[in-house]
Amino acid sequence: MDDDKLLALRNVGKTSSQWLHATGIHTPEQLRQLGPVAAYLAVRARGFNASKALLFAIAGALQDVHWNDLEPTYKRQLLEQLAQAGGAD
């Protein structure tokens, strides 16, 4: 994928991009529409062994901030949403 639009996002590297493509997410807009929790769950559902760091990386990518700079409250909200969706490990 020479023109990989996902790689232009902060926090998204080659492996993360490949995982997202494998789930049918090919553009930042598709990622935005799905949201970080659903995108993370889609990657996990495809059998990829992604850690919760991917969840935070996606959330940071959508806000154009490094995932370490996400507000702790927002990280907790993401983990709560993940647990409600049945995706907590």
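Treat the numbers as computed from the prediction; the structure is a model and nothing was measured.

Draft legend 1. Focus on the overall build of the protein. When you go through the protein residue by residue, the secondary structure sums to five helices and zero strands. Ordered by position from N to C terminus, the α and β elements of the protein give α-α-α-α-α. At 12 Å, the protein has a C-alpha radius of gyration in line with the 12 Å of a compact globule built from 89 residues. Taking the principal axes of the C-alpha coordinates as reference, the protein spans close to 35 × 25 × 20 Å. Out of the 89 residues in the protein, the part that is buried amounts to 36%. Across the protein, every contact between residues at least 6 apart in sequence was considered, and the portion connecting residues at least 24 apart equals 42%. With the model as given, the accessible surface of the protein reaches about 5200 Å², and the carbon-plus-sulfur share is 48%. Averaging the coordinates of the 9 positive side-chain charges in the protein and doing the same for the 9 negative ones gives two points 5 Å apart.

Draft legend 2. Region of the structure containing the environment of Ala 59. For Ala 59, the location among the structural elements is in helix H4 (residues 52-63). Each C-alpha atom of the pair Ala 59 and Gln 33 lies 12 Å from the other, and the pair is 26 residues apart in sequence. When neighbours within four sequence positions are excluded, Ala 59 is seen to be in contact with Pro 36, Leu 70, Tyr 74 and Leu 78.

Draft legend 3. Molecular detail of H4. Helix length check: H4 (12 residues) gives 17 Å between terminal C-alpha atoms against 16 Å at 1.5 Å per residue, within 8%. Along H4, the residues that are buried comprise Leu 54, Leu 55, Phe 56, Ala 57, Ile 58, Ala 59, Gly 60 and Ala 61. The secondary structure elements touched by the buried residues of H4 are helix H1 (14-22), helix H2 (28-34), helix H3 (36-45) and helix H5 (72-84). Residue Asp 64 follows H4 closely and has a positive phi angle near 60 degrees.

Draft legend 4. Representation of H1 in the model. Regarding H1, the residues found buried are Ser 16, Ser 17, Trp 19, Leu 20 and His 21. Tucked inside the fold, the buried residues of H1 contact H2, H3 and H4.

Thresholds applied
Residues numbered from 1 in each chain as written. Predicted model: local features only at pLDDT ≥ 70, side-chain atom pairs only at ≥ 80, totals over all residues. Heavy atoms only, no water. Helix = DSSP H or I, 4+ residues; strand = E, 2+ residues; numbered from the N terminus. Rg over C-alpha atoms; globule rule 2.2 N^0.38 Å. Buried < 20%, exposed > 50% of the residue type's maximum accessible area, 1.4 Å probe, protein only. Contact = heavy atoms within 4.5 Å. Areas by Shrake-Rupley, 256 points an atom, 1.4 Å probe, with all protein chains shown as cover. Lys, Arg positive; Asp, Glu negative; His and termini not counted. Charge placed at Lys NZ, Arg CZ, Asp CG, Glu CD. Expected span 1.5 Å × (residues − 1).

Honestly, that's just the spatial picture; any functional story needs more than this.
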